[in-house]
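# Inside the fold
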Amino acid sequence: MEARLRAAGFVATSWSNQAGDTYGAHSHGYDKVLVAVRGSITFHLVDMELDVLLNAGERLDLPAGTAHAATVGAAGVTCLEAHLAQGSLIGPPLHRAARDW
């Protein structure tokens, strides 16, 4: 998955969390691409009132300013995350299945 991100021109870092860990609602001044490598995490897109479950192999594109919180799944999670300049991602947040990116 890291090679796929690199091939798309992204530089990603890895992070992990334990089962049940949470992140409170926040946003960023940059666009963000997230890929779950192991486990799962649910992103709560606050303004859209939408929950997005990200399983291993799946990708979530979050444009700058997207308010989101998160809850880590029962097996924990490891993600790759790439930061892009604000405006690099076009449109609303986009959840992509593993085969679609």
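Our structure is the block above this text.
Note that the structure is predicted; figures quoted are calculated from it, not measured.

### Structural notes on empty space enclosed by the protein
Any space left empty among the atoms is revealed by the rolling of a water-sized probe across them. Using the criterion set out here, one finds one cavity of 30 Å³ or more in the structure. Each pocket or cavity is described by its volume, and for the largest cavity that value is around 30 Å³. Lining the largest cavity we find His28, Tyr30, Lys32, Leu62, Pro63, Ala64, Gly65, Thr66 and His68. Along the lines of polarity and charge, the residues of the lining of the largest cavity split into four nonpolar, four polar and one charged.

### Some points on the packing of aromatic side chains
Summed over all chains, the structure comprises one aromatic pair. Ring centres of tryptophan 15 and tyrosine 23 lie 6.1 Å apart, and the angle between their planes is 75°; this geometry places the pair in the edge-to-face category. On the basis of relative accessibility, which here comes to 33%, the residue tyrosine 23 falls in the partly exposed class. Over the ring of tryptophan 101 we find arginine 4, and its NZ or CZ is 3.9 Å from the ring centre.

### A few points about unusual backbone geometry
The backbone of glutamate 49 sits at a positive phi, close to 50°, despite the residue not being glycine. Of note, glutamate 49 is situated in the loop between β3 (31-45) and β4 (50-55).

### Re the pattern of salt bridges
In total, this model carries five salt bridges according to the counting rule given. A salt bridge links glutamate 81 to lysine 32; the shortest N-O distance between them is 3.8 Å. Taken together, the positions of glutamate 81 in strand β6 (residues 68-84) and lysine 32 in strand β3 put the pair 49 residues apart, joining distant regions of the chain. Neither residue differs from the other here; glutamate 81 and lysine 32 are each classed as buried. Across the pair aspartate 61 and arginine 96 runs a salt bridge, and its minimum N-O distance is 3.1 Å.

### Considering the pairing of β6
Most of β6 is tucked away, with 13 of its 17 residues classed as buried. Sheet topology note: the strand β1 (residues 12-17)/β6 ladder contains six bridges and is antiparallel. Bridge pairing in β6 places tryptophan 15 opposite cysteine 79. In the sheet, strand β2 (residues 22-26) pairs with β6 via three bridges, with the strands oriented antiparallel.

### Structural notes on the environment of aspartate 51
Structurally, the position occupied by aspartate 51 is in strand β4. Through-space distance from the C-alpha of aspartate 51 to that of alanine 70 is 8.9 Å; in sequence the pair is 19 residues apart. The residues contacting aspartate 51, other than those within four sequence positions of it, are Thr42, Phe43 and His44. For aspartate 51, the side chain forms a polar contact with the side chain of histidine 44, separated by 2.7 Å.

Rules behind the numbers
Residues numbered from 1 in each chain as written. Predicted model: local features only at pLDDT ≥ 70, side-chain atom pairs only at ≥ 80, totals over all residues. Heavy atoms only, no water. 1 Å grid on protein atoms, 1.4 Å probe; cavity = no way out; pocket = protein on both sides within 12 Å on 5 of 7 lines; lining within 4 Å. Points joined across faces, edges and corners; volume = space filled by probe spheres on them. Nonpolar A, V, L, I, M, F, W, Y, C, P; charged D, E, K, R; others polar. Phe/Tyr/Trp six-rings, centres within 6.5 Å; stacked < 30°, edge-to-face > 60°. Buried < 20%, exposed > 50% of the residue type's maximum accessible area, 1.4 Å probe, protein only. Lys NZ or Arg CZ within 6 Å of the ring centre and 35° of its normal. Helix = DSSP H or I, 4+ residues; strand = E, 2+ residues; numbered from the N terminus. Salt bridge = Lys/Arg side-chain N within 4 Å of Asp/Glu carboxyl O. Pairing = 2+ DSSP bridges. Contact = heavy atoms within 4.5 Å. Polar contact = N/O pair within 3.5 Å; in protein donor to acceptor, adjacent residues only side chain to side chain.

Distances and angles like these do not, on their own, reveal function.
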